[in-house]
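Observations on the model geometry
One letter stands for each residue in the lines below.
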Amino acid sequence: MTATTSPVNPVLRVAPAAPAEAAAHFRASLVFHADVSDVAAVLAAGGDPGFVVLDSRSTQAWDQGHIPGAVHLPTALIPEQAERLLDRNVPVVTYCWGPGCNGATRAALALAELGYLVKEMLGGFEYWVREGFAYETWEGRERHAADRLTAPADAENCGC
């Protein structure tokens, strides 16, 4: 008789964390990250959002398109220009190109090391555009239809 082994479930190969440990992890994640649709909703509501949005990309990328009202401060210039452009008491939400780019993470690190309150916007400019939010270029305001793979087609938000 030969022993049979069950196939390894790749999802559960490493067991899930205990609920308290998982809660601490996910709470910590929310401390460091903001969602594109949440940022857009707060900005669309008008008034003081309680944070400033910072585009950490190059001038060429900024001209190609950026979030309306964002502050443009390329990561390399943060040490010398942050104090002139940002208030240390107002949280900063950084963004760069998208999920394949860690520029927003580097900008957030640079700001945190200078004493700023900071979060990184997950998805970056790519998901801002893909979710159908308006953006500005040097030619004016533009907007694309929401990508059905990233945002609901017939609703203001995903409800999450």
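Notes on the structure follow. (Residues numbered from 1 in each chain as written. Predicted model: local features only at pLDDT ≥ 70, side-chain atom pairs only at ≥ 80, totals over all residues. Heavy atoms only, no water.)

Looking only at helices and strands, the chain has six helices and seven strands in total. N-terminal to C-terminal, the α/β element order of the chain is α-β-α-β-α-β-α-β-α-β-α-β-β. A globule of 160 residues ought to have a C-alpha radius of gyration of about 15 Å, yet the chain, at 19 Å, is considerably larger. Taking the principal axes of its C-alpha atoms as reference, the chain extends roughly 75 × 40 × 30 Å. Burial status across the chain gives 35% buried among its 160 residues. Here the contacts in the chain between residues at least 6 apart in sequence split such that 62% fall between residues at least 24 apart. (Helix = DSSP H or I, 4+ residues; strand = E, 2+ residues; numbered from the N terminus. Rg over C-alpha atoms; globule rule 2.2 N^0.38 Å. Buried < 20%, exposed > 50% of the residue type's maximum accessible area, 1.4 Å probe, protein only. Contact = heavy atoms within 4.5 Å.)

Scanning the model with the defined rule gives five salt bridges in all. A salt bridge links Glu83 to Arg88; the nearest nitrogen and oxygen atoms lie 3.6 Å apart. Note that Arg130 is salt-bridged to Asp147, the shortest N-O span being 2.6 Å. Taken together, the positions of Arg130 in helix α6 (residues 124-130) and Asp147 in the segment after β7 (140-142) put the pair 17 residues apart, joining distant regions of the chain. Residue classification places Arg130 among the partly exposed positions, given a relative accessible area of 24%. Exposure remark for Asp147: the relative accessible area of 23% places this residue in the partly exposed category. Each of the salt bridges in this network shares a partner with another, and the network as a whole consists of Glu126, Arg130 and Asp147. (Salt bridge = Lys/Arg side-chain N within 4 Å of Asp/Glu carboxyl O.)

With that out of the way, let us pick up the environment of Ile67. Residue placement: Ile67 occurs in the loop between α3 (59-64) and β3 (71-72). Separated by 66 residues in the primary sequence, Ile67 and Phe133 place their C-alpha atoms 8.6 Å from one another. Leaving out residues up to four positions away in the same chain, Ile67 has contacts with Leu43, Val53, Tyr95, Met121, Phe125 and Trp128.

Attention now goes to the environment of Thr105. For Thr105, the location among the structural elements is in helix α5 (residues 103-113). Residue classification places Thr105 among the partly exposed positions, given a relative accessible area of 37%.

Ranked by internal contacts, the top residues of the largest apolar core, which has 17 residues, are Val39, Val53, Ile67, Tyr95, Met121 and Trp128. At the level of secondary structure, the elements contributing two or more residues to this core comprise α2 (36-44), β4 (92-95) and α6. Leaving out residues up to four positions away in the same chain, Met121 has contacts with Ala34, Asp35, Val36, Val39, Ile67, Val93, Thr94, Tyr95 and Trp128. (Core = buried A, V, L, I, M, F, W, Y, C linked by side-chain atoms within 4.5 Å.)

Moving on, we get to the packing of aromatic side chains. Per the stated rule, a full pass over the model turns up four aromatic pairs. Ring geometry for Tyr95 against Phe125: centres 6.5 Å apart, planes inclined by 25°, an arrangement best described as stacked. A residue pair is termed long-range when its members are at least 10 positions apart, and Tyr95 in strand β4 and Phe125 in helix α6 qualify at 30 residues. The class of Tyr95 is buried, set by a relative accessible area of 0%. For Phe125, a relative accessible area of 7% translates into the label buried. Taking 5.1 Å as the distance between ring centres and 50° as the angle between the ring planes, the aromatic pair formed by Trp128 and Phe133 counts as tilted. (Phe/Tyr/Trp six-rings, centres within 6.5 Å; stacked < 30°, edge-to-face > 60°.)

Strands sit in the order β1-β5-β4-β2-β3 across an open sheet of five strands; the sheet is parallel. Where the open sheet ends on each side, the last strands, each with one partner, are β1 (33-35) and β3. Bridging between β4 and strand β5 (residues 118-122) involves three bridges; their strand directions are parallel. Among the inter-strand pairings, Thr94 is bridged to a residue of β5, identified as Glu120. The strands that α2 touches are β1, β2 (52-55), β4 and β5; relative to β1, the one it contacts most, it runs at about 70°. (Pairing = 2+ DSSP bridges. Axes fitted to C-alpha atoms, helices over the stretch in contact; angles between N-to-C directions.)

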